[in-house]
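# Summary of structural features
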Amino acid sequence: MRHLKIFFVLFFLIALSAQAQQPATGVTAEAIGQANLRATADVNSALVGQIQAGTRYPVIGRHEFFPWLLLGNTTTHEPTGWVFRDLVNIYGDVAVVPVTTVEVGAPAGATPPAPLTLMSTATATATLEIFGVALPTATPAAASGITGLVLGEINVRYGPGTEFPRLGVAREGDTLEITAWHTQLPWVQVRYPASPNSLGWVAKDLLEIQGDIFSLPSLSQTRFDLPTLTPTESVIQASTIFSGTPVMISPQFRSLGDQLWMMMLQAGFEPETSKLGSLFLLDLRTGEAITFGNDIAFSGMSLNKIAILAELYRKINETPTLEEATTLVNAMVCSENTSTNQMLDIIGDGDGYAGAQEVTGFLQQLGLNQTFLIAPYAIDRNNIPTPPFPLIVPPTTADQNRTEPDSWNQATVADLGWLLGSLYQCAYSKSSPLLEKFSGEISPHECRQMLHLMSNNKIGALIESGVPVGTRVAHKHGWIDDTHGDAGIVFSPGGDFVLVVILHNPTWLDFSESFPLIAEITRTVYNYYNPQIPLEEIHQETIPECNGASSQLVDELMSANFEG
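Computed from a predicted structure; not experimentally measured. (Residues numbered from 1 in each chain as written. Predicted model: local features only at pLDDT ≥ 70, side-chain atom pairs only at ≥ 80, totals over all residues. Heavy atoms only, no water.)

Take a nonpolar patch on the surface next. Judged by side-chain polarity, Trp479, Trp508, Phe511 and Ile543 come together as a nonpolar surface patch covering roughly 360 Å² of accessible area. Looking at where Trp508 falls in the secondary structure, it is placed in the loop between strand S24 (497-504) and helix H11 (511-529). Using a relative accessible area of 45% as the deciding quantity, one classes Trp508 as partly exposed. (Patch = residues over 30% accessible without salt bridge, like charges linked within 9 Å, V, L, I, M, F, W, Y side chains within 5 Å. Areas by Shrake-Rupley, 256 points an atom, 1.4 Å probe, with all protein chains shown as cover. Salt bridge = Lys/Arg side-chain N within 4 Å of Asp/Glu carboxyl O. Helix = DSSP H or I, 4+ residues; strand = E, 2+ residues; numbered from the N terminus. Buried < 20%, exposed > 50% of the residue type's maximum accessible area, 1.4 Å probe, protein only.)

Our next topic: unusual backbone geometry. Positive phi values are uncommon outside glycine, yet Leu462 reaches one of about 55°. With respect to the secondary-structure elements, Leu462 resides in the loop between helix H10 (444-455) and strand S22 (472-479). When its relative accessible area of 0% is taken as the criterion, Leu462 is described as buried. Notably, Thr507 is not glycine yet its phi reads approximately 75°, a positive angle. Looking at the element boundaries, Thr507 is found in the loop between S24 and H11. Exposure remark for Thr507: the relative accessible area of 69% places this residue in the exposed category.

For the pair helix H3 (residues 251-266) and H11, the least separation of the axes is 11 Å and the interaxial angle reads 165°. As summarised for this structure, H3 and H11 are arranged roughly antiparallel, according to the angle between their axes. With respect to the hand of their crossing, H3 and H11 are arranged in right-handed fashion. Note on element contacts: H11 touches H3 through Leu517, Glu520, Ile521, Thr524, Val525, Tyr528 and Tyr529, opposite Gln252, Phe253, Leu256, Gln259, Leu260, Met263 and Met264. Here the residues of the contact of H3 with H11 sort into ten nonpolar, three polar and one charged. (Axes fitted to C-alpha atoms, helices over the stretch in contact; angles between N-to-C directions. Parallel < 35°, antiparallel > 145°, perpendicular 65-115°, else oblique. Left-handed = near helix turned anticlockwise from the far one by under 90°. Contact = heavy atoms within 4.5 Å. Nonpolar A, V, L, I, M, F, W, Y, C, P; charged D, E, K, R; others polar.)

For the coordinates displayed, the defined rule picks out one disulfide. Covalent S-S linkage joins Cys426 and Cys447, the inter-sulfur distance amounting to 2.0 Å. Around the S-S axis, the bridge from Cys426 to Cys447 shows a dihedral of about 85° and counts as right-handed. Taken together, the residues Cys426 in helix H8 (residues 413-428) and Cys447 in helix H10 connect sequence positions 21 residues apart. As far as burial versus exposure is concerned, Cys426 and Cys447 are alike and both buried. (Disulfide = S-S within 2.5 Å.)

Quick look at the pattern of salt bridges now. Under the defined criterion, the tally for this structure stands at ten salt bridges. Between Glu270 and Arg166 there is a salt bridge, and its shortest N-O distance comes to 2.1 Å. Linking Glu270 in the loop between H3 and strand S17 (276-283) with Arg166 in strand S10 (residues 166-170), this pair joins segments that are 104 residues apart in sequence. Classification of Glu270 as partly exposed rests on a relative accessible area of 21%. On the basis of relative accessibility, which here comes to 25%, the residue Arg166 falls in the partly exposed class. Linked through salt bridges whose partners overlap, the residues forming this network are Glu311, Arg314 and Glu441.

Here the focus is the packing of aromatic side chains. Going through the model one piece at a time under the given rule, you end up with 15 aromatic pairs. Taking the centre distance of 5.7 Å and the plane angle of 70° together, the rings of Trp68 and Phe84 count as edge-to-face. Pair noted here: Trp68 is in strand S5 (residues 68-72) and Phe84 is in strand S6 (residues 79-84), with a separation of 16 residues, a long-range link. Put simply, the rings of Phe253, Phe497, Tyr528 and Tyr529 touch in pairs and so form one group of aromatic residues. A cation sits over an aromatic face here: Lys275 above Phe269, 4.9 Å from the ring centre. (Phe/Tyr/Trp six-rings, centres within 6.5 Å; stacked < 30°, edge-to-face > 60°. Lys NZ or Arg CZ within 6 Å of the ring centre and 35° of its normal.)

Our next topic: the sheet that holds strand S21 (residues 409-411). On the basis of which strands lie adjacent, the open sheet formed by three strands has the order S19-S21-S20 and antiparallel pairing. Either end of the sheet is taken by a strand with one partner, and the two such strands are strand S19 (298-299) and strand S20 (372-373). Summarising the sheet, S20 and S21 pair through two bridges and their orientation is antiparallel. Counterpart to Phe372 in the pairing with S21 is Gln410. (Pairing = 2+ DSSP bridges.)

Right, let's get into the packing of helix H4 (residues 305-316) against H10. Helix-helix packing is characterised by the crossing angle of the two axes and by the distance between the axes. One way to put it is that H4 packs onto H10 with a least axis distance of 11 Å and a crossing angle of 145°. The element H4 and its partner H10 pack so that their crossing is right-handed. Facing Ile306, Leu309, Ala310 and Tyr313 of H4, the residues of H10 in contact are Glu446, Gln449, Met450, Leu453 and Met454. Split into classes, the residues belonging to the contact of H4 with H10 amount to seven nonpolar, one polar and one charged.

This paragraph deals with helix H7 (residues 352-365). Note: α-helices contain 3.6 residues per turn, so residues at a spacing of three or four share the same orientation. An ideal rise of 1.5 Å per residue puts 20 Å on 14 residues; H7 measures up with 20 Å between its terminal C-alpha atoms. Of all the positions in H7, only Gly352, Tyr353, Gly355, Ala356, Val359, Thr360, Phe362 and Leu363 are classed as buried. Where H7 is buried, its residues contact H4, helix H6 (337-347), S20, H8 and helix H9 (433-437). At the N-terminal end of H7, a side-chain oxygen is found 3.0 Å from the backbone nitrogen of Tyr353, two or three residues along, and the residue is Asp351. (Expected span 1.5 Å × (residues − 1). Polar contact = N/O pair within 3.5 Å; in protein donor to acceptor, adjacent residues only side chain to side chain.)

Another aspect to go through is the side chain of Ser45. Relative to the helices and strands, Ser45 resides in the loop between strand S2 (34-38) and strand S3 (47-52). On the basis of relative accessibility, which here comes to 12%, the residue Ser45 falls in the buried class. A distance of 2.8 Å separates a polar atom in the side chain of Ser45 from the backbone oxygen of Asp42. Those residues in contact with Ser45, other than ones at most four positions away along the chain, are Arg38, Ala39 and Thr40.

Every second residue of strand S18 (residues 289-292) is oriented toward a common face, with Ala289 and Thr291 on one face and Ile290 and Phe292 on the other, all of them buried. Sheet topology note: the S17/S18 ladder contains four bridges and is antiparallel. The residue of S18 that forms the bridge with Leu282 is Ala289.

This is how it looks when you write it as structure tokens:
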């Protein structure tokens, strides 16, 4: 009888509350235990609050593509935060809730919004105690005081085992709060706000533990019914440098970008880790450009020889001499650093350091401010000459920590991509940033000569391996121990495009990982433009030896009439 009375009392109170605070959609959500509220529909967005079981919130919006719901204030229905759908029980038909992309702010010191409370805690307690029933008191989770110092770059996982999805990465020197230990497995549970349930797991041996973990709660279960994680969202961005507003990205082009992003992730080059990659793609017909990792600085390697080439052509203002043409071929086709430094000497009137800084000034005039060269290429790393004057390192907003790039020679994928795009426009259209910024100093004929020169850089790998044999590719490749990349223009029957890919792994990047991935990315893009004649598979070839400048190519560069 007592339980029956309790049921009727609760039913009556719930009915009254529902009448008083019925949301506009009639749909509410209640946490299954505890759930985080975030600023956007993304586990990586700002944490703006938490909700607990026993409280229902009005659902005022939903994401069109991802399983996230926007909850509202129970009184005003103002947006409160986004919650992952699997972390809540839903009451009502979500299909009637409008689609939205509202971002929720969390001002410093703001009071959390009022929950949809059926009655005050005091009133509920007093009401139930009339029938001799006491309510349990909710106790907020307190810091355990037991921590683990991360000994190296490690994965934080959704459960106690490598078979569970990775939530993120902790880096050497980070400190994680330990909340529990597993009795059967050598793993500990840690506080991890980026997780849907604010918890993660780390292998115990990867931490230097401070305190007694056995004073913490223990867990012995081997089955974890965790909510499904939201798939890793694409970080594809529209890109622009030369104009104020990016060209609108079509759904098809964005879908291609998402596919390339997933290829990068599946190959193990993930932005949260120190093994990562960046990409830039420009459609030379429509002007659409997409990129990811464009804010990461990489060692410029030989990729920055594209900028040296362009500045040299601006400097000479005439067809190259025999000596200059030979130097150009050896630097751009054979990728000789000695010849590259001779190019810098020409630019700097005999001073390679001055030439390098002129190249940086050229890039800055184009608005390519994340890429620079401030010294000649090292021929003997054990005998690097001292510059005759203090080197000026240009300011950059690119991340110069992630890949520990060369301090004298750096580049980003977007800067390299837009430089190639500008060379293409200069060669084949009436307008180009190169022609506008350097009127009278660079001509369309010279731009076509530069692209012809780079089209003779044939290595049978990287971008070249992802297009049919015989396809014209004007590109410059580069690699050092920890970083490999290729930047080029592909001339295809279905449309021309610029593609830049740079990959990095600390200390050593294996060619067996980088070369096939860049080739597969290129093949995917090529087939997007040429669906009627797709390339079935990549074709790896042996990189040929370069036996010095080709006399035919030297003659072509010296000709005022040869167009390439």
